[in-house]
Amino acid sequence: MKSILPGLLLVLLGYSTSGQTIVNRDPAIENMVRQISADTLRAYVDKLVSFGTRSTLSATTDPVRGIGAARTWILGKFQEYAKKSGGRLTAFLDSWTLQPDGKRVDKPIEMANVMAVLKGTDPLDNRIYIVSGHLDSRVSNVMNRESDAPGANDDGSGTVAVMELARIMSESSFPATIIFVTVSGEEQGLLGAGYLADKAVKENWNIEALLNNDIMGSNHSNETNIIDNTRLRVFSEGLPAFETDKKVNAIRQFGFENDGKSRQIARYVKEVGERYVDHLEIVLIYRNDRFLRGGDHTPFINKGFGAVRLSEMNENFLHQHQDLRVENGVEYGDLAKFMDFEYLRKNTAVNLASLANLAKSPQSPQDLSMDVSGLGNSTSMRWKAPAAGKVKGYYVLMRETAMPYWQKKFFTTDTKITLPYSKDNYFFAVQSVSEEGNESLPVLPKVGFRN
Ligand SMILES: [Zn+2]
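Reference entry: report on the structure contained in this document. (Residues numbered from 1 in each chain as written. Predicted model: local features only at pLDDT ≥ 70, side-chain atom pairs only at ≥ 80, totals over all residues. Heavy atoms only, no water.)

## A look at the coordination of the zinc ion
Step number 1: With distances of 2.0 to 2.6 Å, the protein atoms coordinating the zinc ion are His134 (NE2), Asp154 (OD), Asp214 (OD) and Asp214 (OD).
Step number 2: Classification of the site at the zinc ion rests on its four donor atoms, whose angles at the metal span 53 to 145°, yielding the label irregular.
Step number 3: Each donor residue of the zinc ion belongs to the same chain, and together they define the spacing H-x19-D-x59-D. Highlighted residues: Asp154 in the loop between β4 (127–134) and α4 (156–169) and Asp214 in the loop between β6 (206–213) and β7 (231–235), separated in sequence by 60 residues. As far as burial versus exposure is concerned, Asp154 and Asp214 are alike and both buried. (Donors = N, O, S within 2.8 Å, 3.2 Å for Na, K, Ca; no water. Tetrahedral: all angles 85-135°; square planar, octahedral: opposite > 155°, others 65-115°. Helix = DSSP H or I, 4+ residues; strand = E, 2+ residues; numbered from the N terminus. Buried < 20%, exposed > 50% of the residue type's maximum accessible area, 1.4 Å probe, protein only.)

Encoded structure:
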């Protein structure tokens, strides 16, 4: 039989034909992952807790207590990394004044997100990847600006993960830009993330993905007490929140309800995170967030960007949003002693692997289209090389329509492919691949080129 797949190498995703797992790690990323330190993460959390409260409503000018002091310390760390970065990393406070909103802001406040921008080295590549945590904390009453609100896990965990990523990743260069941000005002209504998302729209930022890290360093729930530091949840929306009405027809016609931007990012984080981090399973949650809770990825999703939330597997609600107290022998409050820093190290590593692999990858292929001009039991697609980045080739991804993850990848150096699998029965996508094997985010075909 003449092969319908000239020059193609079939790789069963994650498994060889003998059933062994194939792990192809980029040594540069592996080396960065190894540098993440549970001790550094712990020391940073202890320091954050030492500011007493990081309530967004707390003091902004007191040098030792309150959110202002915490911001100044984080900025100082970012500046320290910037000094060693050979000019690649820039650190600054992005400040604005917030007026009372009649809800969770009762008087004008000086707000600031702490930013560190690792500028991409390819002038043709305008992609931006953002990793975020929120530096503010709270107790039972969200308007309480005085009481101690240690916020060790919510969201000291996400904040120190972002800092550790900035520390390690700023020592390398990447073609695309990575922004490390610790935002303010999450507990008062996602205010810092909302401010940043508005700015990104106004300034036309090409954000390809945002990873929001919020509550990711504790290993047991308040109900079961089973220790579980081997699973991390990634939340991603299904139907896009942005311009849903415009997209819904195509989504219905082609069955793309499980293939929005955020879902693609979640799958990518699962594949790449598990490739680099041992003893960790990434659990995809097919919803934007948990019940009764919100997160900083949502303002970005609402503006049309792809964004996901990373959170620990089992939450302990006695340790979140609680006044520090003991009641009937039960200790309440968000303290570092309830955290698992080895677990936080692994969850930080998932971020590092995903961000580094994305920022090292070429851009996604352009103008991918699928031939739907006739009935048939094969699938033909074609595309153009990416606008930026050196490409070794492309992975064509394939899965059955009812499967959550990509099942097969076909490698090709060509910019077209015909596969002996019916377009009616599978989903397809294409990724660009760099010389080192770093994959871009996959793109789905715009259905409809005609031969
Ligand atoms: Zn939080």
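## Re the packing of helix α7 (residues 261–276) against helix α9 (residues 341–360)
Step number 1: Packing of α7 against α9 leaves a shortest axis separation of 8 Å and a crossing angle of 110°. Between α7 and α9, the interaxial angle falls into the category roughly perpendicular. The handedness of the crossing between α7 and α9 is right-handed. Residues Tyr268, Val269, Val272, Gly273, Arg275 and Tyr276 of α7 form the contact with α9, whose own contacting residues are Val350, Ala353, Ser354, Asn357 and Leu358.
Step number 2: Each residue belonging to the contact of α7 with α9 can be placed in one class, and the counts come to seven nonpolar, three polar and one charged. (Axes fitted to C-alpha atoms, helices over the stretch in contact; angles between N-to-C directions. Parallel < 35°, antiparallel > 145°, perpendicular 65-115°, else oblique. Left-handed = near helix turned anticlockwise from the far one by under 90°. Contact = heavy atoms within 4.5 Å. Nonpolar A, V, L, I, M, F, W, Y, C, P; charged D, E, K, R; others polar.)

## Some details on the pattern of salt bridges
Step number 1: The full count for this structure, using the stated rule, is 30 salt bridges.
Step number 2: Linking Arg325 and Glu327 is a salt bridge whose minimum nitrogen-to-oxygen distance equals 2.8 Å.
Step number 3: Asp367 serves as the salt-bridge partner of Lys384, at 2.9 Å between the closest nitrogen and oxygen. Here Asp367 lies in strand β12 (residues 366–371) and Lys384 lies in strand β13 (residues 379–384), a separation of 17 residues in the sequence. (Salt bridge = Lys/Arg side-chain N within 4 Å of Asp/Glu carboxyl O.)

## Focus on the sheet that holds β4
Step number 1: Spatial strand order, β2-β3-β5-β4-β6-β9-β7-β8: eight strands in an open sheet with mixed pairing. Single-partner strands in this sheet number two, and they are β2 (89–98) and β8 (281–285). Taking each pair of neighbouring strands and ignoring which way they run, the sheet shows an average axis angle of 25°.
Step number 2: Here β4 runs beside strand β5 (residues 177–183); their pairing, made up of seven bridges, is parallel. Bridged to Gly133 within β5 is Thr182.
Step number 3: Docked against the sheet, α9 engages β4, β5, β6, β7, β8 and β9 (307–312), running at close to 165° with respect to β4. (Pairing = 2+ DSSP bridges.)

## Topic: the environment of Met32
Step number 1: Among the structural elements, Met32 can be located in helix α1 (residues 27–35).
Step number 2: Sequence separation of Met32 and Met169 is 137 residues, and the distance between their C-alpha atoms is 7.2 Å.
Step number 3: Sequence-distant contacts of Met32, defined by excluding residues within four places in its chain, comprise Ile168, Met169, Ser172, Phe174, Leu352 and Ala356.

## Structural notes on the packing of aromatic side chains
Step number 1: The tally for this structure, following the rule as stated, stands at twelve aromatic pairs.
Step number 2: Taken together, a centroid distance of 5.4 Å and an interplanar angle of 80° make the contact between Tyr421 and Tyr426 edge-to-face.
Step number 3: Measuring from ring centre to ring centre gives 6.3 Å for Tyr426 and Phe428, while their planes differ by 55°; the resulting arrangement is tilted.
Step number 4: Among the residues examined, Tyr426 registers a relative accessible area of 22% and is labelled partly exposed.
Step number 5: The class of Phe428 is buried, set by a relative accessible area of 2%.
Step number 6: Each residue in the set Phe410, Tyr421, Tyr426 and Phe428 is aromatic and connected to the rest through ring pairs, giving one cluster.
Step number 7: Across the ring face of Tyr286, the terminal group of Arg263 is positioned such that the distance to the ring centre comes to 3.8 Å.
Step number 8: The ring of Tyr332 carries Arg325 above its face, with NZ or CZ at 4.0 Å from the centroid. (Phe/Tyr/Trp six-rings, centres within 6.5 Å; stacked < 30°, edge-to-face > 60°. Lys NZ or Arg CZ within 6 Å of the ring centre and 35° of its normal.)

## Quick look at the nonpolar core
Step number 1: With 75 residues, the main nonpolar core has Phe78, Met169, Phe180 and Leu352 as its most contacted residues.
Step number 2: The element best represented in this core is α9, accounting for eleven residues.
Step number 3: Aside from chain neighbours lying at most four places away, what touches Phe180 is Phe78, Leu89, Val114, Met115, Ala116, Leu118, Val131, Val162, Leu165, Ala166 and Met169.
Step number 4: Ranked by size, the runner-up nonpolar core spans 18 residues in total, among them Met115, Ile179, Ala200 and Ile301. (Core = buried A, V, L, I, M, F, W, Y, C linked by side-chain atoms within 4.5 Å.)

## Comments concerning the side chain of His220
Step number 1: Take His220: it is sitting in the loop between β6 and β7.
Step number 2: Only 2.9 Å separates the side chain of His220 from the side chain of Asn219, close enough to count as a polar contact.
Step number 3: Here His220 is in contact with Asn225, Ile226, Ile227, Asn314, Glu315, Asn316, His319 and Phe338, once residues within four sequence places are set aside. (Polar contact = N/O pair within 3.5 Å; in protein donor to acceptor, adjacent residues only side chain to side chain.)

## Details of unusual backbone geometry
Step number 1: Cis peptide bonds are those with omega within 30 degrees of zero, and the linkage from Asp154 to Asp155 qualifies with 0°.
Step number 2: Within the secondary structure, Asp155 is located in the loop between β4 and α4.
Step number 3: With phi around 55°, Glu243 is a residue other than glycine that occupies positive phi space.
Step number 4: Residue Glu243 is classed as partly exposed on the basis of its relative accessible area of 32%.

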